[in-house]
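Chain and residue survey
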Amino acid sequence: MKTETLHQLFLESSGVSTDTRKITKDCLFFALKGDNFNGNAFASEAIEKGAKYVVIDESVYHIPNGKTILCENALETLQELARFHRKFLNIPILALTGSNGKTTTKELINAVLSEKFNTTATSGNLNNHIGVPLTLLKMNSKTEIGVVEMGANHHNEIAKLCTIAEPDYGYITNFGKAHLEGFGSLEGVVKAKTELYRHLQANDKLVFVNARDKRQMKLSEDIKRYTFGEKEQDCMVTLKNASKHVEVLFKGQHIHSNLIGLYNFNNVAAAIAIGDFFGISSEAIKRAIEKYIPNNNRSQLIEKATNKIILDAYNANPTSMLAAIENFKQAEGNEKILILGDMFELGSDAPLEHQHITTFLEHHPFGKAYLVGSNFKKTRHNANHIMQFETFESLSAHLKKHPLERNFILIKGSRGMALERVLEIF
């Protein structure tokens, strides 16, 4: 079936689904495959639950009712449909990537742009080769601007996503030590993330650049760009305070965000700059930033029993972990406790990077540190204020026996550690 014909069926449907648990009546079901599942096997179930058509790539699962669309590769067909739909809508698309802060920045940008435009943005962190097409296919004739988050853990993934979304604007939050297992080194991270820059440059598009990041300023010299920073740039945003929540000054507006940590200043500043570029008033930008409240375990300030907690347990890598620790060290509050979990996808660098964190805590004591996970368990130190637990269960047993009361606590670790479970103990 030609993509144009499939697109017409899509326009007449209720949307796209890749999960039979989330079927909507008259949707298109795409039978995707994974390491441990084959969506083709669920085609009949999708029809039974109300799907209008099923897109499969294995003929053995053909359903003799006229509702089966057989293709060579269901994933590639989904991606091509999304690319066609993006061209069909012909709206501005802003793509963002980076090692840290992507989702928070995306949500801030979406909040700001929504003050003036009808926007559609990536849901949660659906930012991969499946999530980006699904985001594009959520956009409709009412969408005026699309905001697409792009994630990657290997080279050429951002380049591939750019060929699908064909962004008009781009922003890279930062370069950090994330997914080293796939990228090999920090230089590998830079090369992979700047695939976005290279795509935009090749198509004469524009990038937003944080002028405080000298590396990005250098890498974007030959690209059309809009810069922001605390000095004379295209957009000036000044840090006012970050001892608790991040506060900034912009065009006479004192903006009080609900985000914790100095590292969130750049995220707020990027959203302000992008809003300014798209002609949103300073008053509307202030309103949007101040209304945004983080969730999903990202820099949330929580009070639980007698403890005050910074919950930042959505993800972690060496760069974001150290930034969170340094920010917590400077934050106001007594009786500080750190509960830190293993950082994943570091490959052969895992022992060294975990040791760096432990050594930093050993040489910069400012409270007790509970380190959780097999990687942290293997690190060495001579500090009485550091305790190591190989599993979450051993940490849990310790905390139940020695409950924490009237403390200021930072909880951070990779998603797989699920350290938010600590809250149930409190």
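For every chain, the first residue of the written sequence is number 1, and numbering continues from 1 along that sequence. The predicted nature of this model means local features are confined to residues of pLDDT at least 70 and side-chain atom pairs, given and counted, to a pLDDT of 80 or more, with totals for whole chains, interfaces and linings taken over all residues. The side-chain figures draw on all heavy atoms in the structure; neither hydrogens nor water molecules are used.

Per an unreviewed UniProt entry, the protein is named UDP-N-acetylmuramoyl-tripeptide--D-alanyl-D-alanine ligase, and its organism is Constantimarinum furrinae. In its Function (unreviewed entry) section, the UniProt entry covering the protein states "Involved in cell wall formation. Catalyzes the final step in the synthesis of UDP-N-acetylmuramoyl-pentapeptide, the precursor of murein." UniProt positions are given in the numbering used here, feature names are shortened, and annotations may be inferred rather than shown by experiment. UniProt, in its Sequence similarities (unreviewed entry) section for the protein, records the words "Belongs to the MurCDEF family. MurF subfamily."

1. A short note on the overall build of the protein
Of the regular secondary structure elements, the protein holds 17 helices and 20 strands. Seen along its three principal axes, the alpha-carbon backbone of the protein occupies a region of about 70 × 50 × 40 Å. Put simply, the protein has 426 residues, and 54% of those count as buried. Relative to all contacts within the protein whose residues are 6 or more apart in sequence, the contacts with residues 24 or more apart total 62%. Carbon and sulfur atoms provide 47% of the accessible area of the protein, an area that totals close to 19,100 Å². We count Lys and Arg on the positive side and Asp and Glu on the negative side, and we leave His and both chain ends out. Lysine's charge is taken at NZ, arginine's at CZ, aspartate's at CG and glutamate's at CD. When the 50 basic and 48 acidic side-chain charges of the protein are each reduced to a single mean position, those positions are 3 Å apart. Only DSSP runs of H or I reaching four residues or more are called helices, and only runs of E reaching two or more are called strands; each is numbered from the N terminus. Only protein chains enter the area calculation, which uses a 1.4 Å probe; residues under 20% of their type maximum are buried, those over 50% are exposed, and those in between are partly exposed. Should any heavy atoms of two residues lie within 4.5 Å, those residues are counted as being in contact. The method behind every accessible area is Shrake-Rupley, applied with a 1.4 Å probe, and residues are considered shielded solely by the protein chains displayed.

2. Comments concerning the UniProt feature "domain: Mur ligase N-terminal catalytic" (unreviewed entry) in the protein
If you check UniProt for "domain: Mur ligase N-terminal catalytic" (unreviewed entry), the listed places come out as residues 14–60 in our numbering. Between the C-alpha atoms that bound residues 14–60 there is a distance of 26 Å. The span itself is 13% helix and 19% strand.

3. Quick look at the UniProt feature "domain: Mur ligase C-terminal" (unreviewed entry) in the protein
In this structure's numbering, the residues bearing the UniProt feature "domain: Mur ligase C-terminal" (unreviewed entry) are residues 298–415. End C-alpha atoms of residues 298–415 are separated by 11 Å, and the span's content is 35% helix alongside 26% strand.

4. Thoughts on unusual backbone geometry
In this structure, Asn 90 takes a positive phi of about 55 degrees despite not being glycine. Although it is not a glycine, Ala 418 adopts a positive phi angle of roughly 50 degrees. Tracing the backbone shows Ala 418 in the loop between strand S20 (408–412) and helix H17 (422–425). Exposure remark for Ala 418: the relative accessible area of 16% places this residue in the buried category.

5. Quick notes on the side chain of Thr 68
Residue placement: Thr 68 occurs in strand S4 (residues 68–70). In this view, Thr 68 contacts Val 54, Ile 56, His 62 and Ile 63; residues no more than four positions away in its chain are not counted.

6. Some words on the packing of aromatic side chains
Only Phe, Tyr and Trp rings take part, Trp by its six-membered ring, and two of them pair if their centres are within 6.5 Å. Stacked means planes under 30 degrees apart, edge-to-face means over 60, and tilted covers everything else. In total, this model carries 12 aromatic pairs according to the counting rule given. Measuring from centroid to centroid gives 5.9 Å for Tyr 370 and Phe 389, while their planes differ by 85 degrees, and the two rings are edge-to-face. Here Tyr 370 is found in strand S18 (residues 368–372), whereas its partner Phe 389 is found in strand S19 (residues 386–389), with 19 residues between them in sequence. Of the residues examined, Tyr 370 reaches a relative accessible area of 3% and is grouped as buried. By the ring-pair criterion, three or more aromatic residues cluster together here, those being Phe 117, Tyr 169, Phe 208, Tyr 226, Phe 277 and Phe 278. As a reminder, the over-ring test applies to NZ of lysine and CZ of arginine, requiring each to be within 6 Å of the ring centre and within 35 degrees of the ring normal. Geometry around Phe 408 places Lys 308 over its ring, the cationic atom sitting 4.6 Å from the centre. In this structure, Arg 421 is placed above the aromatic ring of Phe 392, and the distance from its NZ or CZ to the ring centre is 3.9 Å.

7. So, the sheet that holds strand S14 (residues 253–260)
When DSSP finds two or more bridges between a pair of strands, those strands are recorded as paired. Taken in spatial order, the 3 strands of this open sheet run S12-S13-S14, and their pairing is antiparallel. Strands with a single pairing partner mark the edges of an open sheet, and in this sheet they are strand S12 (238–241) and S14. With strand direction ignored, the average angle separating the axes of adjacent strands in the sheet is 35 degrees. Pairing analysis gives 5 bridges linking strand S13 (residues 245–250) to S14, with the strands arranged antiparallel. Looking at S14, one finds that Glu 247 is bridged to His 256. Interaxial angles span 0 to 180 degrees and are taken between N-to-C directions of axes, which are lines fitted to C-alpha atoms, for helices over the stretch in contact.

8. Topic: helix H16 (residues 392–401)
Listing the buried residues of H16 in full gives Phe 392, Leu 395, Ser 396, His 398 and Leu 399. Angular distribution of buried residues about the axis of H16 spans 165 degrees; they occupy a single face of the element. For H16, the exposed residues set more than 90 degrees away from the buried face come down to Glu 393, Lys 400 and Lys 401. Within this analysis, the arc is defined by the directions that extend from the helix axis to the C-beta atoms.

9. Some points on the sheet that holds strand S15 (residues 300–304)
Strand order in the open sheet formed by 6 strands is S15-S16-S20-S17-S18-S19, with mixed pairing between adjacent strands. The sheet is open, and its two edges are formed by S15 and S19, each paired on a single side. The sheet shows a mean angle of 20 degrees between the axes of neighbouring strands, taken without regard to direction. Across 4 bridges, the pairing between S18 and S19 is parallel. Looking at S19, one finds that Val 372 is bridged to Phe 389.

10. Thoughts on the domain arrangement of the protein
The extent of an interface is frequently quoted as the accessible surface area lost upon association of the parts. For the protein, the assigned domains are domain 1 (3–73), domain 2 (91–291) and domain 3 (300–424). Each domain span listed reflects an automatic or database assignment of domains. Using only C-alpha atoms to locate each centre, domain 1 and domain 3 end up separated by 44 Å.

11. Considering the nonpolar core
Nonpolar side chains in soluble globular proteins generally cluster together in the buried interior. In this structure, Leu 136, Met 150, Ile 325, Leu 338, Leu 340 and Leu 361 are the most contacted members of the largest nonpolar core, which totals 69 residues. Other than its neighbours up to four places away in sequence, Leu 340 contacts Met 321, Ile 325, Ile 357, Leu 361, Tyr 370, Leu 371, Val 372, Phe 376, Leu 410, Lys 412 and Leu 419. Nonpolar cores were defined as sets of buried Ala, Val, Leu, Ile, Met, Phe, Trp, Tyr and Cys residues, with membership established by side-chain atoms within 4.5 Å. Tyr 171, Val 248, Phe 265 and Ala 270 belong to the second largest nonpolar core, which has 38 residues in total.

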